[in-house]
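Residue strings, one per chain:
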Amino acid sequence: FVTLGIGYTARSVFSLLFPPILDEFGWERGVTASIFSVGFFSAVLYAPLIGYSIERLGPQIVLPTATVLVSAGFVLTTMATEPWHFIASLGVLVVGVTTFLAFNGHFVFVPKWFEARRRLALGLISSGTGVFALLIVPVFQHTIDTVGWRVGCLGFAALLMAVVFPLTLALQRRAP
């Protein structure tokens, strides 16, 4: 619930970063939007690796590693000055790698935990995306408005490392 919710929301905050990045750098909208497009394209490339890596290494390795990569992407985004920097950090690392933390990653191993109530379990963990979007997105927007988008990115990286990383280390297993 928590790891899926926060992980998925990490991808969603791009829409809040779009206007301040446009304002600061003055790039064409298409150039800035390409960051998100490349991120989704990289997610497509990562998708076949998700099931394989979780089956081979286990979610207790894959999900914490993905959390570190997404967090690093947010941190690197704060240092970006060129479109390709944003494509690599915010696109490939944040938007792309969140695929491992979102539905794709969790739906590989969570069904193995439940037989009789599998649909309920998947529905409950999926509801985390809405709950955490409602909690995080307004706070992220307020942070951008008051102290800037870079601080917002650093805050999200800290949230991932303080909450998601320990939960993925402690609680994610192939089977109960």
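Our structure's up above, just so we're on the same page.
How each quantity is defined
Residues numbered from 1 in each chain as written. Predicted model: local features only at pLDDT ≥ 70, side-chain atom pairs only at ≥ 80, totals over all residues. Heavy atoms only, no water. Helix = DSSP H or I, 4+ residues; strand = E, 2+ residues; numbered from the N terminus. Rg over C-alpha atoms; globule rule 2.2 N^0.38 Å. Buried < 20%, exposed > 50% of the residue type's maximum accessible area, 1.4 Å probe, protein only. Contact = heavy atoms within 4.5 Å. Areas by Shrake-Rupley, 256 points an atom, 1.4 Å probe, with all protein chains shown as cover. Phe/Tyr/Trp six-rings, centres within 6.5 Å; stacked < 30°, edge-to-face > 60°. Polar contact = N/O pair within 3.5 Å; in protein donor to acceptor, adjacent residues only side chain to side chain. Expected span 1.5 Å × (residues − 1).

Asks: Explain the overall build of the protein chain to me, please; I cannot follow it from the model alone.
Replies: A count of helices and strands for the protein chain gives nine helices and zero strands. Ordered by position from the N terminus, the helices and strands of the protein chain form the series α-α-α-α-α-α-α-α-α. A compact globule built from 176 residues should have a C-alpha radius of gyration of about 16 Å, and the protein chain, at 16 Å, falls within 12% of that. Dimensions of the protein chain, computed from the C-alpha atoms along their principal axes, are close to 55 × 30 × 25 Å. Residues classed as buried in the protein chain amount to 46% of the 176 residues present. Partitioning the contacts of the protein chain with sequence separation of at least 6, the portion at a separation of at least 24 is 81%. In the form shown here, the protein chain has an accessible surface area of approximately 8,500 Å², with 70% of it arising from carbon and sulfur atoms.

Asks: It is not clear to me how the packing of aromatic side chains should be interpreted in this structure. Could you clarify?
Replies: We describe a pair of aromatic rings using the distance from one ring centre to the other and the angle between the two ring planes. Under the defined criterion, the tally for this structure stands at 11 aromatic pairs. On the numbers, 6.0 Å between centres and 55° between planes, the contact of Phe 14 with Phe 18 is tilted. With Phe 14 and Phe 18 both in helix α2 (residues 14-25), this residue pair falls four residues apart, about one helical turn. Each member of the pair, Phe 14 as well as Phe 18, is classed as buried. Judged by centre distance (4.6 Å) and plane angle (15°), the ring pair of Phe 25 and Trp 27 falls under stacked. By way of ring pairs, the aromatic residues Phe 14, Phe 18, Phe 36 and Phe 40 are connected into one cluster.

Asks: I keep staring at the side chain of Thr 77 and nothing clicks. Help me out?
Replies: Relative to the elements of secondary structure, Thr 77 occurs in helix α4 (residues 59-77). Within the structure, Thr 77 has its side chain in polar contact with the backbone nitrogen of Leu 90 (distance 3.4 Å).

Asks: Would you explain α2 in this entry?
Replies: Each α-helix turn comprises 3.6 residues. Residues three or four places apart therefore point the same way. Relative to the 16 Å expected for 12 residues at 1.5 Å per residue, α2 spans 16 Å between its end C-alpha atoms, a close match to the ideal helical length. Every buried residue of α2 is listed here: Phe 14, Leu 16, Leu 17, Phe 18, Pro 20, Ile 21 and Leu 22. Buried residues along α2 sit against α1 (2-12), α3 (29-57), α5 (83-96), α8 (118-147) and α9 (149-171). Of the residues trailing α2, Gly 26 is marked for its positive phi of about 70°.

Geometric values such as these leave the question of function open.
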